[in-house]
Amino acid sequence: MSVVQQGSLWNWPLHVWQLRDISSACSNISFGQRDSIGWCRVGGAFSYRAAWASLRSSTPVVTWAKVVWFSGAIPKHSFCLWLTFRRAHLTRDKLQSLGILQQSMCPFGCGQQETIDHLFFECGYTKTVWSKVMELNNCPLPVAWNWHTTVTWALGHAIGRRFQRWMRRAGLAAAVYHCWRERNNRIFR
Ligand SMILES: [Zn+2]
């Protein structure tokens with residue numbers, strides 16, 4: 001706590017905006033050399049968990065959270081799947097619209113434009129991967145091959161405690177991750 005005290009004066013770090021309210025609230029409080037500072041919470045003991053929860057901005061849990069984050073998931077697969085649900089992958093259609101690329105052709109050589117829907121799993125190449133995963137999970141093939149139908153399927157068939165459900169969401173995460181990785185290999189190597 002000596003960080004915020006200097007002699008008998010307050011020394012709150014100015015660059016930490018989360019501390020500004022506390023800093024101004026303390027300005028009229030003087031302290032002696034033998035005082036010490038500690039954290040406490042109104043109505044209970046201090047915990048880092050509660051402190052973090054009060055500092056961060058939070059939004060309601062999304063419906064697909066349990067498809068992405070679950071016990072036994074492979075973290076890098078989950079992260080990649082999270083990006084896909086957020087439609088955050090920098091696919092070539094986005095890069096072209098930003099003026100970074102001249103064209104947005106799919107790197108798997110199908111002649112189509114690379115979009116999230118195309119990559120997962122409209123493209124002939126990734127469709128083969130995803131249909132194999134579906135087959136191994138004893139699931140019927142989708143009527144339409146795009147990310148939207150994949151999400152609808154996952155929400156209805158890949159959430160739950162049964163091992164079969166676990167396999168489906170682990171399979172989805174692995175398929176998305178490896179398709180994205182292969183796509184990057186083709187572009188960058
Ligand atoms: Zn393609």
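From a predicted model like this one, the values you see are computed outputs, not experimental measurements.

Please explain the overall build of the protein as it appears in this structure.
Looking only at helices and strands, the protein has nine helices and two strands in total. The N-to-C order of helical and strand elements in the protein reads β-β-α-α-α-α-α-α-α-α-α. Taking 2.2 N^0.38 as the reference for a compact globule, 189 residues should give roughly 16 Å; the C-alpha atoms of the protein span a radius of gyration of 25 Å, well beyond that estimate. Taking the principal axes of its C-alpha atoms as reference, the protein extends roughly 75 × 45 × 25 Å. For the protein, with 189 residues in total, the buried portion stands at 33%. Once local pairs closer than 6 in sequence are excluded, the contacts in the protein between residues at least 24 apart make up 52%.

In this structure, what is going on with the UniProt feature "domain: Reverse transcriptase zinc-binding" (unreviewed entry) in the protein? I would like to understand it.
This chain's UniProt record puts "domain: Reverse transcriptase zinc-binding" (unreviewed entry) on residues 46-130. This span, residues 46-130, is 51% helix and 0% strand, and a straight line between its end C-alpha atoms measures 48 Å.

Hey, could you run me through helix α7 (residues 124-136) in this one?
Helical geometry note: an α-helix holds 3.6 residues per turn, so side chains three or four residues apart project in the same direction. Across its 13 residues, α7 extends 18 Å between first and last C-alpha, which sits within 8% of the 18 Å expected from 1.5 Å per residue. Turning to α7, the residues buried within the fold contact α6 (116-122), α8 (147-157) and α9 (163-188). Immediately beyond the C-terminal end of α7, within one or two residues, lies Asn138, with a positive phi of roughly 55 degrees.

Before we go on, may I ask you to explain the coordination of the zinc ion in this structure?
Angles between donor atoms at a metal ideally measure 109.5 degrees for a four-coordinate tetrahedral arrangement and either 90 or 180 degrees for a six-coordinate octahedral one. Those protein atoms acting as donors to the zinc ion are Cys106 (SG), Cys110 (SG), His118 (NE2) and Cys123 (SG), and they sit at 2.1 to 2.3 Å. Relative to the metal, the four donor atoms surrounding the zinc ion lie at angles of 95 to 125 degrees, and the coordination shape comes out tetrahedral.

Explain the domain arrangement of the protein to me, please; I cannot follow it from the model alone.
As a measure of interface size, the accessible area lost when the parts come together is often cited. The domain architecture assigned to the protein consists of domain 1 (2-55) and domain 2 (65-188). For domain 1 and domain 2, the distance between their C-alpha centres works out to 46 Å.

For this particular structure, what's the right way to read the environment of Gln6?
Inspection of the secondary structure assignment puts Gln6 in strand β1 (residues 5-6). Its relative accessible area of 54% is what places Gln6 among the exposed residues. Placed 175 residues apart in sequence, Gln6 and Arg181 show a C-alpha to C-alpha distance of 52 Å.

I keep staring at the pattern of salt bridges and nothing clicks. Help me out?
When the charged atoms of two side chains with opposite charge come close together, those side chains can pair. Under the counting rule described, the total for this entry stands at four salt bridges. One salt bridge connects Glu135 with Lys132, and the closest N-O pair in it is separated by 3.5 Å. Taken together, the residues span about one helical turn, with Glu135 and Lys132 both in helix α7 at a distance of three residues. Lys132 gets classed as partly exposed once you look at its relative accessible area, which sits at 42%. The partner of Arg186 in a salt bridge is Glu182, and the shortest N-O contact between them spans 2.9 Å. Of this pair, Arg186 and Glu182 are both found in helix α9, four residues apart, which corresponds to roughly one turn of the helix. You can call Glu182 partly exposed: its relative accessible area is 25%.

Just to check I follow, could you spell out the packing of α7 against α9 for this structure?
Any two packed helices are characterised by the angle at which their axes cross and by the distance between the axes. Following both chains from N to C, one finds α7 and α9 inclined at 160 degrees, their axes separated by 10 Å at the closest point. When the axes of α7 and α9 are compared, the pair comes out roughly antiparallel. Taken as a pair, α7 and α9 cross one another with a handedness that is right-handed. Contact residues: Tyr125, Thr126, Val129, Trp130 and Val133 in α7; Gly171, Leu172, Ala175, Cys179, Glu182 and Arg186 in α9. Looking at side-chain class alone, the contact of α7 with α9 contains seven nonpolar, two polar and two charged residues.

Can you help me understand unusual backbone geometry in this one?
Note: most residues except glycine have negative phi, and most peptide bonds are trans. With an omega of 5 degrees, the peptide bond between Phe120 and Phe121 qualifies as cis. Within the secondary structure, Phe121 sits in helix α6. Phi angles above zero are rare outside glycine, and Arg87 is one such case at about 55 degrees. For Asn138, which is not glycine, the phi dihedral falls at a positive 55 degrees.

Scoring rules and cut-offs
Residues numbered from 1 in each chain as written. Predicted model: local features only at pLDDT ≥ 70, side-chain atom pairs only at ≥ 80, totals over all residues. Heavy atoms only, no water. Helix = DSSP H or I, 4+ residues; strand = E, 2+ residues; numbered from the N terminus. Rg over C-alpha atoms; globule rule 2.2 N^0.38 Å. Buried < 20%, exposed > 50% of the residue type's maximum accessible area, 1.4 Å probe, protein only. Contact = heavy atoms within 4.5 Å. UniProt positions renumbered as here; feature names shortened; annotations may be inferred. Expected span 1.5 Å × (residues − 1). Donors = N, O, S within 2.8 Å, 3.2 Å for Na, K, Ca; no water. Tetrahedral: all angles 85-135°; square planar, octahedral: opposite > 155°, others 65-115°. Domains from an automatic or database assignment. Salt bridge = Lys/Arg side-chain N within 4 Å of Asp/Glu carboxyl O. Axes fitted to C-alpha atoms, helices over the stretch in contact; angles between N-to-C directions. Parallel < 35°, antiparallel > 145°, perpendicular 65-115°, else oblique. Left-handed = near helix turned anticlockwise from the far one by under 90°. Nonpolar A, V, L, I, M, F, W, Y, C, P; charged D, E, K, R; others polar.

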